[in-house]
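# Structural overview
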Amino acid sequence: MPCLLTKCKILYQIPFLFALLLTACDLSQLNNPYPKEQKGQAILYQSFDERPKHLDPAVAYSENEYAFIAQIYEPPFQYHYLKRPYQLVPLTASKMPDIQFLNKAGEKLAPNAPIEDIAFTDYLIDIQPSIRYQPHPALALTANGDYAFHRLSVDQVANFNTLADFNATGSREVVAEDYVYQIKRLAHPKTQSPIAEMMKNYIVGFGEFSEKVKQLPKTAIKDVPMTGVTSISRYTYRIRIAGKYPQFMYWLAMLFFAPMPWEADAFYGQPGLSDKNITLDWYPIGTGAYLLAENNPNRRMILEKNPNFHLETYPTEGEPDDQSKGLLNDAGKRLPFIDKVVFTLEKETIPRWTKFLQGYFDASGIASDSFDQAVQFTGGSAELTPSMLEKKIALQTSVETSTFYMGFNMLDATVGGYSEQARKLRQAISIAIDYEELISIFRNGRAIAGQGVLPPSIYGYEEGKAGVNPYVYDWLADKPQRKDIGVARQLMTEAGYPNGIDPKTHEALILYFDTTSSSIDDRPMFNWYRKQLEKLGIKLVIRATDYNRFQDKMRKGNAQLFVWGWNADYPDPENFFFLLYGGNAKVKFGGENASNYQNPEFDRLFEQMRNMDNSPQRFQLIQQMQEIVRHDAPWIFGLHPKQFTLLHSWFLNRKPHVIANNTLKYQRLDTVARTQLQQEWNRPIFWPLLLFFAFSVILFALAVYAVRSRTRKTLQ
Amino acid sequence: MISYIIRRFLYAIPILIGVNILTFVLFFIVNSPDDMARMQLGQKHVTQQAINNWKQLHGYDVPLLWNAKAQGEEKLTKTIFYQKSVGLFMFRFGTSDSGRNIGADIKERAWPSLTIALPTLVIGLITDICVALMVVLFRSSKLELGGMVLCVILMSISSLFYIIGGQFVIAKILRWMPISGYDDGFSAIKFVVLPVLIGVFSGLGSGVRWYRTLFLEEVEKDYVRTARAKGLTETQTLFRHVLPNAMIPILTGVVVLLPMLFMGSLIMESFFSIPGLGSYTIDAINMQDFAIVRAMVFLGSVLYVFGLLLTDISYTLVDPRVRLS
């Protein structure tokens, strides 16, 4: 009996102990995944779902990598944050470059010189003085002025596990030579830069330099000259490119051309550091608004304000309605506004979405399984649901500068070729595959159907009736209307396939759709494609293969129909039309023209258009090219995805920008509102815990009683 | 015993070589070095020259298994197989095809995996055994029948359901703990509780049924009857006599798992954002990163062999009749 009493006392004490424990915690937010001391700080919380592979600006080329390093590295130019259409402005450069055209003899030409006379173009770039690198051990100096960590012994290296283990950091001013050095890094075969092969065609001396240094270590390139890239003074450098290539300006706004101190390679190249993953590919050294304070791509990446960040202010001009949207409230103020950015790896959509709703992520995309919870369509436009509005969440949408198309292999005997019959077959299929329906069913309306090669916001894209593909759509009631399926059937008859019957076999025409998707989730989409072609009597066979086999088929020209996509490198029509340029055909030249489309007239116009500056004449050429491609139909112009982003009310100054990635520096947080709302939304509910505890006590008592009675029974 | 252990280690060598060859052959049947290069270089502007550069830089520009052009022993040593495999046997995993040191990555990711897996195993084991003994205590009663039906129901539900359901109820509705995340040191506790609870609960049905079977086999034996005849209560009999005698099959199942705990759980880690090793191999297969695949398969084989050896040794600890020779 006394024993039972003691047990009861303990049982009574458990809830009190539990209550004590809870009071020791912050009861208002038990589910807060962040440390208590971060409360109220200007820290932006974001998520990422795919770990970056490279953080070296000479190698990184993916969106998920740019999300981090675009805040760290700074090329000479950037896109204006608020103005549209997208416009380049100086970043670390003091002004826009002086562009000089030269003839073969190296003599200067007039700015309006004919293209055929231009043998070279010089870009003279002046950079701002007093820009400094972030504090970094590679730049740390000893009292004697030597580099502190450039001659590490094996024992010293053994003591370092991360960059934070180095007890000193240093910095220095950025000079023109650092930009030159970075271009040399792009050319070094050991860097494996994805643009190296392409730049060989443009930058003078790039290929020769690459050949010259291929046997040298990365650290030995500093003093090897590259003929086309030279530092003229401490703050000026020149890049000479072959011919005229106006799009080169856009490349200069990409991170490939950000400055890199030679000390970085000297430091990271020391033996033993790469065994600890201490490499330039993982620990950047930049001049941007932020520096990478923690690098654990499997868990979280933390950016902190760069104490050496140069003076940059929030733009004072924008689009007409930016003022009313509050996007100019911080005009002229020094950047950045946010002290720290915490990116947490969240692979699954459910926890990611829940954390956003709890206020623990400041912004979120919308996964398809939570789309209905967030967005509803009224009268064709996307609006937030009442539950989102109640939380004062805002929705931002923007059409991406990407295109997803269904391509016909123009080398294929059935769907390819340039005969009138083949063209009509492709046009018929273009009408039959109802992309509006696909967007509605499979993408929750998050895309617009393509009318041509160019997505909106790219120069040459035309709105309204003039921009409609007349071979697939009619312009009715002020909007494009897909042509009736009867028109497609008529085209099939004219193509020699009445009711979809192949005259050779006297059976339904069989077409093959090659894809890498083979999961069960993709089946509805494949069935949908089959049904679209069934409208024409065509039997579609899905050939799902793994990625390698698919790529192999594409390289050899063995595919018939396929889906492909392209995300713009820069906002210029050349970056889309080159996907159909004959000189880029995949089978012949291993280029990006996956359809192997080759039309001499199109190629001629492309060659003329690509080197032109934007002008009415260029616009006309673009429309001619659109017309040729629409008529030939090597692609079914599928869709341009629409980005949907949800923002909490405390997340300010965010304007969608589908080209620039360095936008975090402009954004601001109302931390007071965030703290208040987070507390309001996350008060824990305790009564079920008490209920559970009571239930457990009863169950335990019953079990004890049952055991005792059974033991007694056994003994009897 | 020492000679037995040495012998087992020597047996492991041909097994590991065999596993390595098998992994190599299976991987390169599906992927070629060119495919790997394309995957690593991305999808834009990839030229044959860039592919050749990548292969040369990563050591994939030599033949796979036999270098006919080389002389003497280099016919064997100047091959991808030899150059990529020898270091493994000295636990030098090298660098992944994307440039990270694999050994450092494994070291960093194994601990979070263990933080989840070890408490789940220990608490799960204790819970399963206690509940199984309770069920055995009420054998041949309606309580046992009810318990077994409940176990079958628990077993029939996918572990994904427990994860999503647990996150929904505990983290979203009741807001008792974070839905996902991880931290270092003691701060990790608040992130670990939910996955451990879910891990224990999701394994309860099968665990209880398995241990119940083991205990039922023991409970009818003569020594148990003798214990009862001595006047021990049923609970005393079960915990003091039945449990120790059922340890051999329990250990067989548990000890072999211990080294594998480092390898992590794919789904659990993915849903709870635990930075463990769970997805390391799968991600590597998807990325065609042979260096990681090879290292992880090798490590898995070593740990498995080691686990089996531990199991054998543990038999001698729980059953004095067992001698390793």
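Nothing here was measured: the structure is a model prediction, and the numbers come from that model.

What follows is about the interface of chain A and chain B. Counting residues at the interface gives 63 residues for chain A and 60 residues for chain B. The largest share of the area that chain A buries against chain B comes from Gln192(A), Arg299(A) and Arg710(A), three residues that together contribute 12% of it. Residue Asp35(B) is joined to Arg549(A) by a salt bridge in which the shortest nitrogen-to-oxygen separation is 3.4 Å. Our enumeration of links across chain A and chain B arrives at 30 residue pairs in polar contact (both at pLDDT 80 or more). The set of elements that each furnish at least two residues to the side of chain A that touches chain B consists of α5 (196–199), α9 (349–357), α16 (547–556), β24 (561–567) and α22 (687–715) of chain A. The residue inventory of the side of chain A that touches chain B, partitioned by class, reads 28 nonpolar, 16 polar and 19 charged.

What follows covers the nonpolar core. Grouped together as the largest cluster of nonpolar side chains are 108 residues, with contacts concentrated most on Ile203(A), Ile239(A), Phe248(A), Trp251(A) and Phe257(A). It is helix α4 (residues 176–187) of chain A that contributes the most residues to this core, seven residues altogether. Excluding its chain neighbours within four sequence positions, the residues that come into contact with Phe257(A) are Pro75(A), Pro76(A), Tyr179(A), Gln182(A), Ile183(A), Leu186(A), Ile195(A), Met199(A), Ile203(A), Phe248(A), Trp251(A) and Leu252(A). Listed in part, the 49 residues of the second largest apolar core include Leu121(B), Val135(B), Ile163(B) and Leu243(B).

The next thing to look at is the UniProt feature "domain: ABC transmembrane type-1" (unreviewed entry) in chain B. As recorded in UniProt, the feature "domain: ABC transmembrane type-1" (unreviewed entry) lies at residues 110–314 of chain B. Counting secondary structure, residues 110–314 of chain B comes out at 76% helix and 0% strand; the distance between its end C-alpha atoms is 24 Å.

Take the packing of aromatic side chains next. The description of an aromatic ring pair rests on the distance of the ring centres and on the angle between the ring planes. Under the defined criterion, the tally for this structure stands at 53 aromatic pairs over all chains. Between Phe27(B) and Phe28(B), the ring centres sit 5.2 Å apart and the planes meet at 75°, which makes this aromatic pair edge-to-face. Residue Phe27(B) shares its accessibility class with Phe28(B), and that shared class is buried. Ring geometry for Phe161(B) against Tyr162(B): centres 6.4 Å apart, planes inclined by 75°, an arrangement best described as edge-to-face. We classify Phe161(B) as exposed; its relative accessible area is 54%. In textbook terms, an aromatic cluster arises when at least three aromatic residues are bridged by ring pairs, as seen for Tyr61(A), Tyr79(A), Tyr250(A), Trp251(A), Phe256(A) and Tyr570(A). The lysine or arginine in question, Arg610(A), covers the ring of Tyr581(A), its NZ or CZ lying 5.4 Å from the ring centre. Over the face of the ring belonging to Tyr60(B) we find Lys84(B), whose NZ or CZ atom lies 4.4 Å from the ring centre.

Our next topic: the UniProt feature "transmembrane region" (unreviewed entry) in chain B. Residues and elements named next belong to chain B. When the UniProt feature table is mapped onto this chain, "transmembrane region" (unreviewed entry) is found at residues 9–30, 116–138, 145–165, 185–204, 248–272 and 292–318. Strand forms 0% of residues 145–165 and helix 90%; the C-alpha atoms that close the span are 26 Å apart. Helix makes up 100% of residues 292–318 and strand makes up 0%, while its end C-alpha atoms are separated by 38 Å.

Residues and elements named next belong to chain A. Reading across from one edge, β5-β4-β6-β8-β7 is the order of the five strands in this open sheet, with antiparallel pairing throughout. Looking at which strands have only one partner, the edges of the open sheet turn out to be β5 (108–109) and β7 (229–233). Of the strand pairs in this sheet, strand β4 (residues 98–102) and β5 are connected by two bridges, and their pairing is antiparallel. Opposite Phe101, over in β5, you have Leu109 as the bridge partner.

It is worth spelling out the confidence of the model for chain A at this point. Put simply, chain A has an average pLDDT of 92, and 95% of its residues get 70 or more. Confidence drops under pLDDT 50 across residues 1–7 of chain A; counting only partners more than four residues distant or on other chains, this segment forms zero contacts.

Here we come to α9(A). Taking burial as the measure, the nine residues of α9(A) include seven buried ones, the bulk of the element. Burial in α9(A) covers these residues: Pro351(A), Arg352(A), Trp353(A), Thr354(A), Lys355(A), Phe356(A) and Leu357(A).

Most peptide bonds take the trans configuration, and most residues that are not glycine carry a negative phi. All names here are of chain A. The residue after Arg84, namely Pro85, is reached through a cis peptide bond having omega -5°. Mapped onto the elements, Pro85 comes out in the loop between β2 (77–79) and β3 (88–90). Each neighbour pair has its own omega, and for Leu335 with Pro336 the value is -5°, a cis peptide bond. Notably, Ser130 is not glycine yet its phi reads approximately 70°, a positive angle. Within the secondary structure, Ser130 is located in the loop between β6 (120–126) and α3 (154–158). A relative accessible area of 55% places Ser130 in the exposed class.

What follows concerns the pairing of strand β14 (residues 381–384) of chain A. All names here are of chain A. Both strand β13 (residues 375–378) and β14 contribute to a ladder of four bridges, which runs antiparallel. Residue pairing for β14: Thr378 is matched across the bridge by Ser381. Counted between consecutive antiparallel strands, the loop separating β13 from β14 contains two residues, among which Gly379 sits at a positive phi close to 60°.

Criteria and thresholds
- Residues numbered from 1 in each chain as written.
- Chains lettered and ligands numbered in written order.
- Predicted model: local features only at pLDDT ≥ 70, side-chain atom pairs only at ≥ 80, totals over all residues.
- Heavy atoms only, no water.
- Contact = heavy atoms within 4.5 Å.
- Buried area = accessible area lost by both parts, 1.4 Å probe.
- Salt bridge = Lys/Arg side-chain N within 4 Å of Asp/Glu carboxyl O.
- Polar contact = N/O pair within 3.5 Å; in protein donor to acceptor, adjacent residues only side chain to side chain.
- Helix = DSSP H or I, 4+ residues; strand = E, 2+ residues; numbered from the N terminus.
- Nonpolar A, V, L, I, M, F, W, Y, C, P; charged D, E, K, R; others polar.
- Core = buried A, V, L, I, M, F, W, Y, C linked by side-chain atoms within 4.5 Å.
- Buried < 20%, exposed > 50% of the residue type's maximum accessible area, 1.4 Å probe, protein only.
- UniProt positions renumbered as here; feature names shortened; annotations may be inferred.
- Phe/Tyr/Trp six-rings, centres within 6.5 Å; stacked < 30°, edge-to-face > 60°.
- Lys NZ or Arg CZ within 6 Å of the ring centre and 35° of its normal.
- Pairing = 2+ DSSP bridges.
- pLDDT = per-residue confidence, 0-100.

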